[in-house]
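Listed here are the chains, written in short residue letters.
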Amino acid sequence: MQLTPEHLETTHTADAITARLGTVGHHSYLGDFVLGAIDGAVTTFAIVAGVSGAQLSNQVAVILGLANLLADGFSMAVSNYLGARAEVQVVDRVRRIEEKHIETVPEGEREEIRQIFAGKGFSGELLEQIVEVITQDRKRWVDTMITEEFGLPLERPLPWRAGFSTFVAFVLAGFVPLIPFTIPLGVSAGRLFPLSAILTGVTFFLIGAAKGRIVHRSIVWSGLETLLVGAVAAMLAYLVGVAFHGAG
C-alpha cells in the first residue's frame, strides 16, 4: 500500500482516527484462517504427491487424504484452541495478581505507575496527575499494569473461534488436492495428479496473496513464496514415494 500525503491526511481526520482506534484490540481471525489453509493444502497435497510417486492407486490417495483432513485438521485446531486459551489464562492470572497487589500494597502499586510513566518522560505535577487519573479507576489501574509492566495485550482471541477458523480453513484448502480424485470431472486417470497439482498451486498462490494482504506485503511475492513452500513440500513427498516404489 502506497502511503501518499493525500491518503495520510484522509486517514488522520478526527473521525477516521476515532474509527481506527475503536478497532484496536479486536483480534482478527484471518491469521488463524490463513495458517490453517496453508497447512491443510501443504499436508494433503504432500500425501497425494507421495501416493503418486509411489504409483499407488487413486483410492489410497483419497483414503489417506481424507484421513489427513479430519485427523490433522482436528489436531491443528485443538492445538490452536489450547494455545489461545493459554494466552487468555495468562492475562487472567496476571489480572488477579495485580488486583491482589493493589488491595494489599496500594502505595507500592502507585509507585510502579509513577516510575513507569516517569520512564516515558513525564515528571513533576503532570506525572502526579497521570498517576492520580490512572489509580482513580481500579480497572484502568489494573489494565495499565498488565500492558505496561508485563507487556501483555488486554484483548485476546476467543479460543473456540481461533480453533474453529483453523479447522474450517484446513478442511477447505486441504480438500482442493482431492477434488480430481473425488468429484467426477471427466478427466482420465493419468491426468488426475497433474490437475490436482494445478488446482493446489492456484490455492497456494491465493492463500499467500491473502497472507500478503494481511501483513501488508506484496500480494504477488507473498503468493509466490507460499507457492514455492508448497511445491518444495510436494516434491519431497513425491521423491519419497518414488524411492519406496523403486525399493518395492
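Shown above is the structure to which this text applies.
Residues numbered from 1 in each chain as written. Predicted model: local features only at pLDDT ≥ 70, side-chain atom pairs only at ≥ 80, totals over all residues. Heavy atoms only, no water.

Engineer: I'd like a rundown of the overall build of the chain, residues and numbers included.
Structural biologist: The number of helices and strands found in the chain is 11 helices and 0 strands. For the chain, the α and β elements follow one another from N to C terminus as α-α-α-α-α-α-α-α-α-α-α. Each of the 248 residues in the chain was classed as buried or not, and the buried ones make up 32%. (Helix = DSSP H or I, 4+ residues; strand = E, 2+ residues; numbered from the N terminus. Buried < 20%, exposed > 50% of the residue type's maximum accessible area, 1.4 Å probe, protein only.)

Engineer: Let's hear about the packing of helix 4 (residues 58-104) against helix 8 (residues 159-175): which residues, and what values?
Structural biologist: One can describe the packing of helix 4 onto helix 8 by two numbers: an axis separation of 8 Å at closest approach and a directional angle of 155°. Viewed along their axes, helix 4 and helix 8 adopt a mutual orientation that is roughly antiparallel. As for how helix 4 packs across helix 8, the hand of that crossing is right-handed. Here the residues of the contact of helix 4 with helix 8 are counted per class, giving 16 nonpolar, 6 polar and 2 charged. (Axes fitted to C-alpha atoms, helices over the stretch in contact; angles between N-to-C directions. Parallel < 35°, antiparallel > 145°, perpendicular 65-115°, else oblique. Left-handed = near helix turned anticlockwise from the far one by under 90°. Nonpolar A, V, L, I, M, F, W, Y, C, P; charged D, E, K, R; others polar.)

Engineer: Give a description of the pattern of salt bridges that names residues and reports values.
Structural biologist: The final tally for this structure, using the stated rule, is 8 salt bridges. Residue Glu-128 pairs with Arg-114 through a salt bridge whose shortest N-O separation is 3.0 Å. Placement of the pair is Glu-128 in helix 6 (residues 124-136) and Arg-114 in helix 5 (residues 106-118), with a sequence separation of 14 residues. In this structure Glu-128 comes out as partly exposed when scored by relative accessible area, which is 37%. A cluster of three or more residues bridged by salt bridges with shared partners is formed by Arg-95, Lys-139 and Asp-143. (Salt bridge = Lys/Arg side-chain N within 4 Å of Asp/Glu carboxyl O.)

Engineer: I'd like a description of the nonpolar core, backed by residues and values.
Structural biologist: Grouped together as the largest cluster of nonpolar side chains are 14 residues, with contacts concentrated most on Ile-113, Phe-117, Ile-134, Trp-141, Met-145 and Ile-146. For Phe-117, the residues in contact, after removing those within four places along its chain, are Phe-122, Leu-127, Ile-130, Ile-134 and Thr-144. Of all hydrophobic cores here, the second largest spans 13 residues; its members include Phe-45, Val-48, Phe-170 and Leu-192. (Core = buried A, V, L, I, M, F, W, Y, C linked by side-chain atoms within 4.5 Å. Contact = heavy atoms within 4.5 Å.)

Engineer: So, the environment of Arg-140: which residues are in play, and what are the values?
Structural biologist: Within the element layout of this structure, Arg-140 appears in helix 7 (residues 138-148). Look past the residues within four positions of Arg-140 in its chain and what remains in contact with it is Val-133 and Ile-134.

Engineer: Describe the environment of Glu-87, listing the residues and the values that go with them.
Structural biologist: Its location among the elements puts Glu-87 in helix 4. Here the alpha-carbon distance between Glu-87 and Arg-156, two residues 69 residues apart in the chain, equals 7.1 Å. In this structure Glu-87 touches Arg-156 and Pro-157, once residues within four positions along its chain are discounted.

Engineer: Describe the packing of helix 5 against helix 6, naming the residues involved and giving the relevant values.
Structural biologist: Relative orientation of the contacting elements helix 5 and helix 6 amounts to 130°, with a least axis distance of 9 Å. Taken together, helix 5 and helix 6 sit at an angle that is classed as oblique. In the crossing of helix 5 with helix 6, the sense of the turn from one axis to the other is right-handed. Of the residues in helix 6, those in contact with Arg-110, Ile-113, Arg-114, Phe-117 and Ala-118 of helix 5 are Leu-127, Glu-128, Ile-130, Val-131, Ile-134 and Thr-135. Split by residue class, the contact of helix 5 with helix 6 holds 7 nonpolar, 1 polar and 3 charged.

Engineer: An account of the packing of aromatic side chains is needed here, citing residue identities and associated values.
Structural biologist: Inspection of every chain in the model, using the stated rule, returns 2 aromatic pairs. Centre to centre, the rings of Phe-45 and Phe-193 are 5.8 Å apart; their planes meet at 5°, and the pair counts as stacked. Here Phe-45, found in helix 3 (residues 30-53), pairs with Phe-193, found in helix 10 (residues 192-214); they are 148 residues apart in sequence, far enough to count as distant. Residue classification places Phe-45 among the buried residues on the basis of a relative accessible area of 7%. Taking the centre distance of 6.3 Å and the plane angle of 55° together, the rings of Phe-117 and Phe-122 count as tilted. (Phe/Tyr/Trp six-rings, centres within 6.5 Å; stacked < 30°, edge-to-face > 60°.)

Engineer: Outline a nonpolar patch on the surface, supporting the account with residue identities and numerical values.
Structural biologist: Taken together, the side chains of Tyr-81, Leu-82, Leu-158, Trp-160 and Phe-164 define a hydrophobic patch exposed on the protein surface, amounting to about 530 Å² of accessible area. Elements that contribute at least two residues to the nonpolar patch include exactly helix 4 and helix 8. One can find Trp-160 in helix 8. (Patch = residues over 30% accessible without salt bridge, like charges linked within 9 Å, V, L, I, M, F, W, Y side chains within 5 Å. Areas by Shrake-Rupley, 256 points an atom, 1.4 Å probe, with all protein chains shown as cover.)

Engineer: Report on the side chain of Thr-144, specifying residues and quantitative values.
Structural biologist: With respect to the element layout, Thr-144 can be found in helix 7. The exposure class of Thr-144 is buried, given its relative accessible area of 12%. Sequence-distant contacts of Thr-144, that is, excluding residues within four places in its chain, are made with Ile-113, Phe-117, Ile-134 and Glu-149.

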